[in-house]
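# Survey of secondary and tertiary structure
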Amino acid sequence: MEWLFDSDVLTTLLIAALFPLTRWILDRTAYHYVTSSIFGLPVDSPNYAKFKESLYKMLVQVAFTVAIFSHRHKPWFGDPKLCYSDCMSIPCVDQVTTVAERFIYRLEGAFYLQAIPMLFLWETKRHDRWQIFAHHVATVILIGYSYYLNILHIGILVLACHEINDIFLEMAKMARYAALPEWTSTVLLIGFAVSWLVTRIY
């Protein structure tokens, strides 16, 4: 159980605790203003909470994407084969990682870790709740295990492929919740489909 007191684990747990607190503050200030004043959704509307939920997720994914693409100047970012160039064994103790790379991993791990209880304590009840729960658990395990193996470079590229297209998905949901013209959500869903094909398939 010594791993529980590891500084990386403690930092991740601290960040995980800060996510709901930050969301709670923004939910009652900026998110409320955007939802009710800019998009005109009444507080008692069934889509009010859903819109704020998608706004929160979209902004988190934008922040993650910006942080990830700040590493685009690294040689391994453009050539995945280089992600393993200095990996002589598993765990990959020879791979040199920066503080920023490790922080991105902790940030992502913390987000999906806190998303597990928040799915039941905060999120809107959905029919696919248990599928999302399984997704979050699997994501935390994959992030944690790849962090332990120290294969962060390829892991960051995988995270990039997963975060980008979800931005379009959440924006499409917001367009639907705000009753924007039908073409708005259609264009965003097309953007989601194209980005999904590029990042997940190609």
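Just above sits the structure.
An account of the accompanying structure is given in this report. Computed from a predicted structure; not experimentally measured.

Here we come to the nonpolar core. Within the largest apolar cluster, 36 residues are counted, with the highest numbers of intra-cluster contacts made by F19, I68 and F111. At the level of secondary structure, the elements contributing two or more residues to this core comprise α1 (7-27), α3 (46-69), α4 (75-78), α5 (99-121), α6 (129-149) and α7 (152-177). Among the elements that take part in this core, α7 stands out by supplying nine residues, more than any other.

It is worth spelling out the pattern of salt bridges at this point. If you walk through the whole model with that rule in mind, you get eleven salt bridges. We note a salt bridge from D8 to R106, for which the minimum N-O separation is 2.8 Å. Residue D8 is located in helix α1, and its partner R106 is located in helix α5; the two are separated by 98 residues in the primary sequence. Residue class for R106 comes out buried when judged on its relative accessible area of 16%. What you see here is one network of salt bridges that share partners, running through R23, E53, K57, E123 and R126.

Before going further, it helps to examine the state of the cysteines. In the structure shown here, the tally under the stated rule is one disulfide. Note that C87 is cross-linked by a disulfide to C92, the S-S spacing being 2.4 Å. Relative accessible area serves as the criterion here: at 17%, C87 is assigned to the buried category. The thiol of C161 is not disulfide-bonded; the next cysteine sulfur, from C83, is found 11 Å away. A relative accessible area of 26% places C161 in the partly exposed class.

The rules behind these values
- Residues numbered from 1 in each chain as written.
- Predicted model: local features only at pLDDT ≥ 70, side-chain atom pairs only at ≥ 80, totals over all residues.
- Heavy atoms only, no water.
- Core = buried A, V, L, I, M, F, W, Y, C linked by side-chain atoms within 4.5 Å.
- Buried < 20%, exposed > 50% of the residue type's maximum accessible area, 1.4 Å probe, protein only.
- Helix = DSSP H or I, 4+ residues; strand = E, 2+ residues; numbered from the N terminus.
- Salt bridge = Lys/Arg side-chain N within 4 Å of Asp/Glu carboxyl O.
- Disulfide = S-S within 2.5 Å.

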